[in-house]
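# Results of the structural survey
Below, each chain spelled out in residue letters.
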Amino acid sequence: MKPGVTGKQRPPRPVAKKPTLRRFHQARWDEPVIFELSVAGQRGVLPPEPESAIIEAVGDPAGDLPEGLRRKSAPALPELSQLHVLRHYARMSQENLGVDLNIDIGQGTCTMKYSPKVNDQLARSPKLSELHPLQPVSSVQGILEVMCRLEGILKEISGMERVTLQPGAGSSAIYCNISMIRAYHEAHGDGQYRDEVITTIFSHPSNAAAAKVAGYKVITLYPNADGYPDVDALASAVSERTAALLITNPEDTGIFNPRIEEFVRIVHEAGGLCSYDQANANGILGITRARDAGFDVCHFNLHKTFSTPHGCGGPGAGACGVTGEIVPFLPTPTVEFDGASYYLDFNRPQSIGKIRPGYGVAQNLLRAYAWVMSLGADGLREVAETAVLNNNYLLTRVLEIRGVSAPYAKGKRRIEQVRYSWERLANDTGVHTEEIGFRAADFGTHYWTSHHPFVVPEPMTLEPTESYSKEDLDEYVAILKHIAEEAYADPETVHSAPHNSTVHKTDQESFDDPDAWAVTWRAYRRKVLRDT
Amino acid sequence: MIPKKPVVYPYIPNSNPIVKREMLNAVGAKSVDELYAEIPESIRLKRKLDLPEPFLSEASLVRHVESLLAKNQSTRENLSFLGAGCAQHYVPAVCDEINSRGEFLTAYAGEPYEDHGRFQSLFEYESMMAEMLNMDVVNVPVYDGGQATSTALRMAGRITGRKLALLPATTAPDKLSQIRDYVRPDVHVELVAFDPATGLMDLDALGRQINVQTAAVFIENPSYLGFLETQASEIGTVAHEHGSLFVVGVDPISLGVISPPVEYGGDIACGDIQSLGIHMNYGGGHAGFIATRDEEAFVAQFPSRLFGVATTSVEGEYGFGDVAYERTSFAVREEGKEWVGTAAALWGITAGVYLALMGPQGMVEIGRGIMQRTRYAMQRLAGLPDVRVPFANTPHFKEFVVDFNRTSKTVTEINRALHERGIFGGSDLSREFPALGQCGLYCVTETHTQADIGRLVSAIQEVLA
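Residue positions within a chain follow its written sequence, with the count starting from 1. All chains are assigned letters beginning at A, and all ligands numbers beginning at 1, according to the order in which they are written. In keeping with the model being predicted, local features are shown solely for residues with a pLDDT of at least 70 and side-chain atom pairs are shown and tallied solely at 80 or more, while totals for entire chains, interfaces and linings include all residues. Side-chain metrics in this entry use all non-hydrogen atoms of the structure; hydrogen atoms and water are not considered.

A separate point is the overall build of chain A. Secondary structure elements are taken from DSSP: a helix is a run of H or I of four residues or more, a strand is a run of E of two residues or more, and numbering for both begins at the N terminus. Assigned secondary structure in chain A consists of 16 helices and eleven strands. Along the three orthogonal principal directions, the C-alpha set of chain A runs to about 95 × 80 × 55 Å. Burial here depends on accessible area, computed with a 1.4 Å probe over protein chains only, as a share of the maximum for the residue type. Under 20% is buried, over 50% is exposed, and the range in between is partly exposed. A burial count over chain A gives 65% of its 532 residues as buried. Any two residues having at least one pair of non-hydrogen atoms within 4.5 Å are treated as being in contact. Summarising the internal contacts of chain A: among those between residues at least 6 apart in sequence, 72% fall at separations of at least 24. For accessible areas, the Shrake-Rupley method is used with a probe of radius 1.4 Å. Any residue's cover is judged against the shown protein chains and nothing else. Accessible surface for chain A amounts to roughly 18600 Å². Of this, 50% is attributable to carbon and sulfur atoms.

All names here are of chain B. Orientation of helix H3 (residues 93–100) relative to helix H12 (residues 345–382), taken along the N-to-C sense of each, is 145°, at an axis distance of 9 Å. Note that H3 runs across H12; the crossing there is right-handed. Residue-level inspection shows Val94, Cys95, Ile98 and Asn99 of H3 in contact with H12, the latter providing Leu346, Trp347, Ile349, Thr350, Val353, Tyr354 and Leu357. Each residue belonging to the contact of H3 with H12 can be placed in one class, and the counts come to nine nonpolar, two polar and no charged. Only C-alpha atoms enter the line fits that serve as axes; for helices the fit covers just the stretch in contact. Angles between N-to-C directions range over 0 to 180 degrees. Note: crossing handedness is left-handed where the near helix turns anticlockwise from the far helix by less than a right angle, and right-handed where it turns clockwise. Side-chain classes follow a simple rule in which Ala, Val, Leu, Ile, Met, Phe, Trp, Tyr, Cys and Pro form the nonpolar group, Asp, Glu, Lys and Arg form the charged group, and the remainder, Gly included, forms the polar group.

This paragraph deals with the domain arrangement of chain A. All names here are of chain A. Those domain boundaries reflect an automatic or database domain assignment. Domains assigned within chain A are domain 1 (122–373) and domain 2 (377–512). Computed over C-alpha atoms, the centres of domain 1 and domain 2 are 30 Å apart. Of the residues lining the interface, 27 residues belong to domain 1; the matching set on domain 2 comes to 23 residues. When a carboxyl oxygen of Asp or Glu is within 4 Å of a side-chain nitrogen of Lys or Arg, the pair counts as a salt bridge. Here domain 1 is connected to domain 2 by zero salt bridges. Within the side of domain 1 that touches domain 2, the residues separate by chemical class into 16 nonpolar, eight polar and three charged.

Here we come to the pairing of strand E4 (residues 242–248) of chain A. All names here are of chain A. Counting buried residues in E4 gives seven out of seven residues, a clear majority hidden from the surface. Two strands pair under a simple rule: DSSP has to find at least two bridges between them. Where strand E2 (residues 196–200) lies against E4, four bridges are found, and the strand directions are parallel. Bridged to Glu196 within E4 is Thr242. Examined bridge by bridge, E4 and strand E5 (residues 273–277) share five bridges and lie parallel to one another. Pairing of Ala244 across the sheet is with Leu273, part of E5. Whether a crossover is right-handed depends on one test, that the path from the first strand over the helix to the second runs clockwise when the strands point away from the viewer. Between the parallel elements E4 and E5, the chain passes through helix H9 (residues 260–269) in a crossover that is right-handed.

This part takes up the side chain of Thr342(B). Residue and element names in this part refer to chain B. Within the fold, Thr342 resides in the loop between helix H11 (329–332) and H12. You can call Thr342 buried: its relative accessible area is 11%. In the analysis that follows, any N or O atom pair within 3.5 Å is treated as a polar contact, provided that within protein one partner can donate a hydrogen and the other can accept it, and provided that, for residues neighboring in sequence, both atoms belong to side chains. Within the local environment of Thr342, its side chain forms a polar contact with the side chain of Tyr108, the two groups lying 2.3 Å apart.

On to the sheet that holds strand E8 (residues 288–292) of chain B. Residues and elements named next belong to chain B. The mixed open sheet is built from seven strands, whose spatial order is E2-E8-E7-E6-E5-E3-E4. What marks the edges here is a single partner per strand, and that holds for strand E2 (137–138) and strand E4 (188–192). The strands touched by helix H6 (residues 145–160) are strand E3 (164–168), strand E5 (214–221), strand E6 (245–250), strand E7 (268–272) and E8; relative to E7, the strand with the most contacts, the crossing angle is about 160°.

This part takes up the side chain of Ser501(A). On the secondary structure map, Ser501(A) appears in the loop between helix H15 (491–495) and helix H16 (521–529). Side-chain polar atoms of Ser501(A) contact the backbone oxygen of Tyr113(B), separated by 2.5 Å. Apart from residues no more than four positions distant in its own chain, Ser501(A) is found in contact with His25(A), Gln26(A), Arg28(A), Asp442(A) and Tyr113(B).

Only centres within 6.5 Å qualify two rings of Phe, Tyr or Trp (six-membered ring in Trp) as a pair; their planes then separate them into stacked at under 30 degrees, edge-to-face at over 60, and tilted for everything else. Across all of its chains, the model carries 24 aromatic pairs over all chains by this definition. A ring pair is formed by Trp521(A) and Tyr524(A), whose centres lie 5.3 Å apart and whose planes are at 25°; its orientation type is stacked. A residue pair is termed a helical-turn pair when its members lie 3 or 4 positions apart in one helix, as Trp521(A) and Tyr524(A) do in helix H16 at three residues. Note on Trp521(A) and Tyr318(B): the rings are 6.0 Å apart at their centroids and 80° apart in plane angle, and the pair reads as edge-to-face. Placement of Trp521(A) in helix H16 and of Tyr318(B) in strand E10 (residues 318–322) is noted, with the two residues assigned to different chains. Here the two residues Trp521(A) and Tyr318(B) agree in accessibility, since each one is buried. One aromatic cluster in this structure is built from Phe35(A), Trp521(A), Tyr524(A) and Tyr318(B). One cation-aromatic arrangement involves Arg154(B) over Tyr182(B); the distance from NZ or CZ to the ring centre is 5.5 Å. Two conditions define a charge sitting above a ring: the NZ of Lys or the CZ of Arg must be within 6 Å of the ring centre, and it must be within 35 degrees of the ring normal. Between Arg431(B) and the ring centre of Phe346(A), over which it is positioned, the NZ or CZ distance is 5.6 Å.

Here the focus is the sheet that holds strand E11 (residues 399–403) of chain B. Residue and element names in this part refer to chain B. The three strands are arranged E11-E14-E13 in an open sheet whose pairing can be described as antiparallel. Only two strands of the sheet have a single neighbouring strand rather than two, namely E11 and strand E13 (427–428). Pairing geometry for E11 and strand E14 (residues 439–443), over five bridges, is antiparallel. If you follow Val402 over to E14, its bridge partner there is Gly440.

On to the domain arrangement of chain B. Per the domain assignment, the segments making up chain B are domain 1 (1–40), domain 2 (79–88 + 365–464) and domain 3 (93–355). For domain 1 of chain B versus domain 2 of chain B, the separation of C-alpha centres amounts to 60 Å.

What follows covers the interface of chain A and chain B. Taken together, the contact pairs 220 residues of chain A with 191 residues of chain B. Around 17900 Å² of area is buried between chain A and chain B when both sides are counted, 62% of it from carbon and sulfur atoms. What counts as buried area is the accessible surface, traced by a 1.4 Å probe, that two parts surrender upon association, with contributions from both included. Per-residue buried area on chain A facing chain B is highest for Arg71(A), Val519(A) and Arg522(A); these three make up 4% of the total on that side. In this assembly, chain A and chain B are joined by 16 salt bridges. One salt bridge in this structure joins Glu145(A) and Lys71(B), with 2.7 Å as the shortest N-O distance. No other element matches helix H11 (residues 376–398) of chain A, which puts 17 residues into the side of chain A that touches chain B. Residue composition of the side of chain A that touches chain B, by class: 110 nonpolar, 63 polar and 47 charged.

What follows concerns empty space enclosed by the protein. Remark: the empty space left among the atoms is shown by a probe the size of a water molecule rolled over them. Residues and elements named next belong to chain A. Buriedness for pockets is judged along seven lines, at least five of which must meet protein on both sides within 12 Å for an open set on the 1 Å grid over protein atoms alone, while cavities are sets there where a 1.4 Å probe fits but cannot get out, and lining residues have an atom within 4 Å of a point. Grid points are joined across faces, edges and corners, and a volume is the space filled by probe spheres set on the points. Per the counting criterion, the structure on display carries seven cavities of 30 Å³ or more. Here the largest cavity is characterised by a volume of approximately 130 Å³. Contributing to the lining of the largest cavity are Met147, Glu151, Arg162, Val163, Thr164, Leu165, Gln166, Leu330, Pro333, Thr334, Val335 and Tyr359. Of all elements in the fold, only helix H5 (141–158), strand E1 (162–164) and strand E8 (334–337) reach the threshold of two or more residues within the lining of the largest cavity. In terms of residue count, E1 provides more of the lining of the largest cavity than any other element does, three residues in total. The residue inventory of the lining of the largest cavity, partitioned by class, reads seven nonpolar, three polar and two charged.

With that out of the way, let us pick up the packing of helix H13 (residues 433–441) of chain A against helix H14 (residues 470–489) of chain A. Residues and elements named next belong to chain A. Their axes nearest at 10 Å, the elements H13 and H14 cross at an angle of 120°. On the basis of their axis angle, the class for H13 and H14 is oblique. In this structure, H13 meets H14 at a crossing whose hand is right-handed. Here Ile436, Arg439 and Ala440 of H13 come into contact with H14, specifically with Leu480, His482, Ile483 and Glu486. Residue composition of the contact of H13 with H14, grouped by class: four nonpolar, one polar and two charged. Oblique is the label for every angle not falling under 35 degrees (roughly parallel), over 145 degrees (roughly antiparallel), or within 65 to 115 degrees (roughly perpendicular).

This is the structure we're talking about:
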């Protein structure tokens, strides 16, 4: 017996079993805006000074700038010591949930899978990060080989003739495709009158928006009563003015369009091309390919299906696959191999030219390559099948929850995601889907509704990918179930959420008021604080 | 033969056959194949994908990828003077530390309530860029400087209701190609000639070309060829006299010492932030910014996210959210302004970290030091026999042209010989600007020492001897 302990001995007490729901609380550092942390004279990093001989030789060219180009006072940046910068950002990072922290299945359409750490480590190698895009090709054979091999892999996965890796992300890839389609029609002499692009409402909004940017009139097809893209609607929309169909499959509802070949045929018969947005490819890798359904062009989001990290919204990477007819229009340059070494081919007279500086987001191309090489053909099939199994398991479990439904395609299986509806719950309780999302944050999870417009009422889009375990899915379902029960029993708790988040309900009105909105601290000081 | 046991993939927890069986039971399916019932047989791939054999262990994967990377020689092993819009700057360790944190690296399009950190850090990025630019509105980054310029020109087209943009003939051909492809349906691009002696825009030509259809006059400061457009203010005035907007591309790392565009009449500023704490990544380190005054007519034309600050239900708490979201394609598809999607947010956060580390003094010092090194390198190279440095009387920032026409060698030959000496010479302008003949575009930053510049000069001397 330890000294000082007397009387009856307490039996060892086990830690009680964890409750079903995590008692989460998001970090709340209550950080000021960085300008408020400024202390005059502090330094975070010192840039290297030129040697005195340089200064003696040239003086101060900045000081000699003509009056109109010489900055009169230093920019009013905050002044912080290095630790204070680090700490401020480290704290803000803790007020963020990424795949590394949460069961990130709530951001449907975005394929929030695990981004392997080893690939980050490889991508951070100075052998990649310190390469300049204009180095002699003999000095960049490694990265060119990676790009060439990745192109080969994506050609096989899509069935296409060539793949460009230049687009910066998914929407840029959609634009690249429509730009190549425009060039194709112009080269065939009917660019003038083919001025319409057809898409579906359950395809990503960037299909419609990028087509508009490229100068096209956009026709958007709505689904039939079962939620399938409407083949009759397509048939009446196509004409000699049709430049292209831009379509996702499976769509953002997770429903695979079984008549996709017919869609492609109808558009081809009208002389249009077919562009396949493969943002939702995760469930069909190795199962079905763009070319096999007759598509002329397609694109992958490497930050979705191919695991590169999403970086709070980029950099991602896009890859566009094309048939032989479209190859001449690919962006410049292409990466080629002459049997001995890799090189860049700039001599492409029909090319649409450049889509971005350099040749693509090289660090993400490396990550995507490494990811495929860790899996191989069997592994990719396992990815697809598990993503689909996880999704259908989740569907079964979510539908056990009161107030939720999965509209459309009754009795059919879904591919890799589902767009659910809380319509019944909203009608019963007055709790809306956005509020469920705010409440979900209280349990350490991210949740998303849908793109606009909300065709499915009170939508929620879940995509469990292959990365999450059965226990993860069960936990997410338990959170949703709890919130649904709360909505029926105690709606105010949901209405007033979040409670355990970094911040509380934010005034949304000012964001749409030109007199009150403040996109920067200086605007806030001028318009709201009125101290400048 | 040893029977192959099923692989349990470390990235795929439910590839475990025991778990898989349990889940199949839960969904009432005998096999995963049943879940694909909607995919017609006619488009099924009836064979296994023909892909290289995988490296199942992490150790073997690393070995493989590193063996590929080993075939690269980077700017660490070679002394590089390559620029042309992508430059080797020192990246402070804290920049990499923050953008490697999983909370930022692996988050995506979260909402303010669970990704407050993303919103605040990008708001702060916008705010620090705003101080560099002396403008009140800066967007969440787009893909790159070329995209930012393209969008800035389309914004100018929408704001003015006009169709023509005038760009300097010194614009990089690659960037021009990107811009032309993007703005085509809305804006016609015309080039304005430059003065061969100074590099500056030919103001007479500008006067002849500008008209009532001109939406934007665009210049770059510094220009692609490295000199500063010292007539910026006059060009802005000409633009405004014709009711056009003055759009200016800048390298933000220059703004500690060079006036931001708004000071000489710029209506829209745009450019690339790769210089602000982001590794070159073989061209993967780009991100673009667009900045304007805080006027509704301008704000309404941004396609990008604009994160703003507001109050919350708790006193003393900052909340963040999307300003004027209804402009975006996320809200209204093709009725939005261009499109918005995944672009380069992590580089925005990183550039914010960089500006916070550098502070006002750091940005002044780095700008001044780069100009000193640039001038020094120009002087030293101009001292070599038969080597000229054109436009030398115009102030330069970071990049400059070196003219080898009087030597007996082409830039290709010179660069090959420099590479043999462990140096990446400036990029070859002979393809991009044939009129300049055999010229190289050299880039000098704060990473270059006097000895580095001396080594370049000696090597060129040796190569030309």
